[in-house]
Every structure is written in structure tokens, then in C-alpha cells.
Amino acid sequence: MALLKVKFNQKKRVKLAQGLWLMNWFSVFAGILVFSMGLFLKIELRKRSEVMDNSESHFVPNSLILMGILSCAFNGFAGKICYDSLDPAKFAKWKPMLKPYLALCCVFNILIFFVALMCFLMRGSLDSTLAQGLKNGMKFYRDTDTPGRCFMKKTIDMLQIEFKCCGNNGYKDWFEIQWISNRYLDFSSKEVKDRIKSNVDGRYLVDGVPFSCCNPSSPRPCIQYQVTNNSAHYSYDYQTEELNLWRRGCREALLSYYSGMMSSMGAVILLVWLFEMSVMVGLRLLHTSLESIANPEDPECESEGWILENSLKDTFKSALENLKKLGKFNQVDAGAEGAEGEEGGKTPAITTVS
């Protein structure tokens, strides 16, 4: 028994073709939207590529761009088919292409669904990428005179100001690295010498943070040096002065920003996927209803359209049987080749008659 069998007359077939033509052009605009979202996400990721450890995060925007282009191409082609289906003479040239085209549509819809899932599942990969990238970026903060790294200070400062964050996981991350360039240190000073000698790596470490960590909403001037020294500042307790420095780490801030963006895009892609599925189902019904016309010379006669010629169970069984036959065919070929090899290797026996 066919799956989702529907009876059509000429009027219904025309309405279906016209409706599908309109839906396909809506799908073209949806493809442009998907392409635009992928391009926007790629640009946003490019802006902060210096604080990302690898290029894996670009998989999602690249996929969105590709899906947008394919959606425009597939739906533009389907729109032409639906338009020509109103004229039997024009539709005849598309008949041989429809089955392969519908198979490609199935693959395309599976890919769209996969990309939508990736939008929701990229958070873990993005988290590790940002954690390592920000850690490396903070190490290069002081290298303002080093070619290829001189921009890192500006990048980190602008990032902390824009996203109201400080450090990788928090402001204390700056205590563990030397973020002040040697160019601005007085090595004749006893304090500088003592700090450099106080650690094995010979780095100048301070309990201070860059100016970009300061919260402008704080009621008091920013305390960016001797942050953990309560006695160095009047009426100050660094554990309760929450307004003085940004407490949220930049990894968390960026992760929240990109995850929210990708989740919204994932929801849009799922809606596009549902729309594409409905277009594919409609195109399949139109295809089968036109093919099942008993008398092609009488376009007004009734016909039947369906999604699958048999039920899901029968279709699945048929697919399994075809796979088994294909496997047996390969085994027979391999066995025949082996037998030929054995026969070729045999030496004919010679009988001597005395």
C-alpha cells in the first residue's frame, strides 16, 4: 500500500504546481537568508580570530554559506520544474531527471538538518578553542614591539572593553603572566629586581590588571595595581569591591555571545529545513500524480500521487533485499575470479602408456 496516497484531478494538480512554484521561490529567499547568516557569523569569528586557537569554529559558517548557495540552486531549479509541469509538453523533458533530483533533495535536507544540529552542538568545541586562544593572546599582550604580535594588546583591550570582561576565566589570570613589556620596566629599581628574582621563570608578575579591565560604573577610581592589597588603598576590600573590575572572564563572555548567535541561527535553519521538507514532499506528490495519469492525451483525467510506492515497512525490506543481492553479487564475482585463478594454476596430468 502506497504511503500518503492522494487523488488528484487537473484542478488540484494545477493548484499544487502553482503552490510549489511559489514555495520554491520563498525557499530561494530562505537560502539567501542562510547564506547571509553564514557570512555574518564568519565575519564575527574573523574579527576575533587572534584569540581563537584553531579554525574548527569556521566549520559552521562555511556550512551555512554552502547550504545557502545549494538551497538557491535547488529551489530555483525546482521552481522551473513546477512552472513547466503545467504544460505536459514541457514537463516531458524533466521526467527522467525528477527521480535523481528528488534523491539529491533528500541528501540536501539531511545535510541541512545536520548543520542545524551543529549550530547547537558547537559550544564544547568553541569553549576549548576560546580557552586556549585567549590564554595565548594574553601571553603576547606585552609584545608591542614584536612583529606579528604588536596588535595583540589593542585586540585584548578592545575585547575586554566591548564584552565587559577581564582575563580568560577572570581578572586573576593577569596575575599569572607578565603583561607589562620590559621596555617600560626600570631594571635598576630594587622593586623590579626583587619581583623578577621572586619566580623561577624570571618574569615581572604583579597583582594588577590592564586598564581595560576597569568598570566605568565603579563609584571610585579604578584600582588596577595592588588589587589584592587591602592596606594599599583607603577603605578597600578586594573581595567585596565587585564594581571596580569586571569579574566575568572573556571566555565566558565570548562563549555566551557566539553560542546565543549560533542557537538562534540553528532555530532558523530548522524552520528552513521544515519548509524544504514540505517542498520536497509536494514535489514528490506532483511527480507521481503526473506520472500516474492513465491517458496522457486527456489531461483532465484523475490520477493518484504518493510519497512512497509501498509502505515504510515494505520499502525498508525492499532496500535490505537489494543490499543483500548486491553483496551476494560481489561475492559471486570474487568467487568466480578465485576459481579462474585456481584453474589457471593447475598443471594437467600426463599419463604414460607402456
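Small disclaimer: the values here were computed from a predicted structure and weren't measured. (Residues numbered from 1 in each chain as written. Predicted model: local features only at pLDDT ≥ 70, side-chain atom pairs only at ≥ 80, totals over all residues. Heavy atoms only, no water.)

Quick look at the UniProt feature "transmembrane region" (unreviewed entry) in the protein chain
So, point 1. When the UniProt feature table is mapped onto this chain, "transmembrane region" (unreviewed entry) is found at residues 20-41, 62-81, 101-122 and 255-275.
So, point 2. In residues 20-41, helix accounts for 100% and strand for 0%; the two terminal C-alpha atoms are 31 Å from one another.
So, point 3. Secondary structure across residues 62-81 comprises 100% helix and 0% strand; the distance between its end C-alpha atoms is 29 Å. (UniProt positions renumbered as here; feature names shortened; annotations may be inferred. Helix = DSSP H or I, 4+ residues; strand = E, 2+ residues; numbered from the N terminus.)

Notes on the nonpolar core
So, point 1. By size, the foremost hydrophobic cluster in this structure holds 81 residues, and its most contacted members are L41, L64, Y171, W174, V209 and L254.
So, point 2. Taken together, the elements giving at least two residues each to this core come down to helix 1 (10-47), helix 2 (59-84), helix 4 (95-121), helix 5 (123-139), helix 6 (152-163), helix 7 (190-197) and helix 8 (250-291).
So, point 3. Top contributing element to this core by residue count: helix 8, with 16 residues.
So, point 4. Here this core spans two domains, and each of domain 1 (3-137 + 252-296) and domain 2 (171-247) adds at least three residues to it.
So, point 5. Contacts of Y171, omitting those with residues within four sequence positions, involve C166, V209, V227, Y238, L245, W246 and R247. (Core = buried A, V, L, I, M, F, W, Y, C linked by side-chain atoms within 4.5 Å. Buried < 20%, exposed > 50% of the residue type's maximum accessible area, 1.4 Å probe, protein only. Domains from an automatic or database assignment. Contact = heavy atoms within 4.5 Å.)

Looking at the state of the cysteines
So, point 1. Scanning all chains against the criterion turns up three disulfides.
So, point 2. With a sulfur-sulfur separation of 2.1 Å, C165 is cross-linked through a disulfide to C250. What sets the handedness of the C165 and C250 disulfide is the S-S torsion sign, and at about 85 degrees it is right-handed. Linking C165 in the loop between helix 6 and helix 7 with C250 in helix 8, this pair joins segments that are 85 residues apart in sequence.
So, point 3. On the basis of relative accessibility, which here comes to 1%, the residue C250 falls in the buried class.
So, point 4. Put simply, C214 and C222 are joined by a disulfide, and their sulfur atoms are 1.8 Å apart. Where C214 bonds to C222 through sulfur, the torsion about that S-S bond is close to -70 degrees, and the disulfide is left-handed.
So, point 5. Judged by relative accessible area, C214 falls into the buried class, the value being 15%. (Disulfide = S-S within 2.5 Å.)

Thoughts on the packing of aromatic side chains
So, point 1. Inspection of every chain in the model, using the stated rule, returns eleven aromatic pairs.
So, point 2. Seen in terms of ring centroids, Y141 and W174 are 5.1 Å apart; in terms of plane orientation they differ by 70 degrees. Their pairing is edge-to-face. Here Y141, found in the loop between helix 5 and helix 6, pairs with W174, found in the loop between helix 6 and helix 7; they are 33 residues apart in sequence, far enough to count as distant. No difference in accessibility class separates Y141 from W174, as the two residues are buried.
So, point 3. Relative to Y225, the ring of W179 lies with its centre 6.2 Å away and its plane at 15 degrees, an arrangement referred to as stacked. Taken together, the positions of W179 in the loop between helix 6 and helix 7 and Y225 in the loop between helix 7 and helix 8 put the pair 46 residues apart, joining distant regions of the chain.
So, point 4. Residue Y225 is classed as partly exposed on the basis of its relative accessible area, which comes to 43%.
So, point 5. Put simply, the rings of F74, F77, Y101 and F108 touch in pairs and so form one group of aromatic residues. (Phe/Tyr/Trp six-rings, centres within 6.5 Å; stacked < 30°, edge-to-face > 60°.)

Quick notes on the pattern of salt bridges
So, point 1. By the definition in use, this model includes nine salt bridges.
So, point 2. Residue D143 pairs with R142 through a salt bridge whose shortest N-O separation is 3.9 Å.
So, point 3. On the basis of relative accessibility, which here comes to 14%, the residue D143 falls in the buried class.
So, point 4. Through salt bridges with shared partners, one network takes in E44, K47, R48 and E162. (Salt bridge = Lys/Arg side-chain N within 4 Å of Asp/Glu carboxyl O.)

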